[in-house]
Structures are given as C-alpha cells and as structure tokens.
Amino acid sequence: MSTDQRHAIDLLSRVRYGRLATSVRAMPFVAPARHLVDGGAVLLRMHSRLSDHRACSGSVVAYSADNLESGASTLWSVQFTGTARIDSPTAEQLAAFGPAPRRINGEEYIPVYLRIDPRFATVHTLEHSEAT
C-alpha cells in the first residue's frame, strides 16, 4: 500500500459516512453509505431495498468521504477507486458499524454490505488562514 493510500485510509477512519459512485447504463449514480475501514479495504453498509448494491457489485466504483462540514481549519476529501463486491462482515465488523438506521425513505432498513479493495486513492486538502 502506498503512502497516499495509507494517508487516505487514515483520514477515512475519522468519519463514518461517505458517498459511493458508479455508472449505471452510462449514467452517473451516487449513493450514501456507512463505511468501516478494515485494514486496507473499505467495507460499506447500505440499504438492500434500494438495490444500489446490485448496481455496484462487480463494478469499478469510487467511494468518497470528507470533513468539509467539520469547521476544522484544514479540510480534506478522500476518494478510493476499486472493484466492489458483496461481502459478509464478521461479528467484530458488525459491532464496529454500530446500530443501523431503523428506516430509510420510510422503509424498514435491511443492510447489505459491499467491500472495496482500493486500487487508487486520492487525497485533497484545503487549508484556510484567518483573514487579516
């Protein structure tokens, strides 16, 4: 794993949610997901009834997260690109995800899990200075 990938994984572990992006029938598709860093991989928990996982499994995807709304003086955004696949988390991983939402879009939340083994990672930082 490159230094950039390690840095991106470290930053990703500081937040809980991000956005999964792929292309479905040549149209862009973005979905929110809860993530967990597992070594060098990213494990995602999504709502199965939306069928987002079916569009992503076996496909090259991008996963992005950031701290842009944190109010920190140094803001960052990370993006991982790799192939997603449906996965079954271990008991320890399930515990680390924490409680799942009860409902999403008015429906009972039924989780499904995707694993991304990143091939590429990108980190962008934005540093602000106080106005003088």
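Residues numbered from 1 in each chain as written. Predicted model: local features only at pLDDT ≥ 70, side-chain atom pairs only at ≥ 80, totals over all residues. Heavy atoms only, no water.

(A) Region of interest: the side chain of Arg45. With respect to the helices and strands, the residue Arg45 is situated in strand β3 (residues 41-47). Reaching out from Arg45, the side chain makes a polar contact with the backbone oxygen of Gly98 at a distance of 3.0 Å. Polar side-chain contacts of Arg45 include one of 3.3 Å to the backbone oxygen of Pro99. Those residues within four positions of Arg45 in sequence are excluded, and the remaining contacts are Tyr17, Ala33, Arg34, Phe97, Gly98, Pro99, Ala100, Pro101, Tyr109, Pro111, Val112 and Tyr113. (Helix = DSSP H or I, 4+ residues; strand = E, 2+ residues; numbered from the N terminus. Polar contact = N/O pair within 3.5 Å; in protein donor to acceptor, adjacent residues only side chain to side chain. Contact = heavy atoms within 4.5 Å.)

(B) Structural detail: the side chain of Asn67. With respect to the helices and strands, Asn67 occurs in the loop between β4 (60-66) and β5 (74-86). At a separation of 3.4 Å, a polar atom in the side chain of Asn67 contacts the main-chain carbonyl oxygen of Thr74. Among residues more than four places away in sequence, those in contact with Asn67 are Ala72, Thr74, Leu75 and Trp76.

(C) Representation of helix α1 (residues 3-12) within the structure. Residues Gln5, Ala8, Ile9, Leu11 and Leu12 constitute the buried set of α1. Buried residues in α1, looked at end-on, bunch into an arc of 160 degrees, giving them a common side. Summarising the contacts, the buried residues of α1 are in contact with β2 (27-38), β3, β4, β5 and β8 (111-127). (Buried < 20%, exposed > 50% of the residue type's maximum accessible area, 1.4 Å probe, protein only. Arc of directions from axis to C-beta.)

(D) Structural context of the nonpolar core. Counting residues in each nonpolar core, the largest one holds 23 residues, and the members touching the most others are Leu20, Leu44, Met46, Tyr63 and Ile116. For this core, the elements supplying multiple residues, two or more each, are α1, β2, β3, β4, β5 and β8. (Core = buried A, V, L, I, M, F, W, Y, C linked by side-chain atoms within 4.5 Å.)

(E) The arrangement of the pattern of salt bridges in detail. Enumeration according to the criterion identifies 7 salt bridges in this entry. We note a salt bridge from Asp87 to Arg85, for which the minimum N-O separation is 3.8 Å. Note on Asp87: relative accessible area 18%, which makes it buried. Asp117 is paired through a salt bridge with Arg85; the nearest N and O atoms lie 3.5 Å apart. (Salt bridge = Lys/Arg side-chain N within 4 Å of Asp/Glu carboxyl O.)

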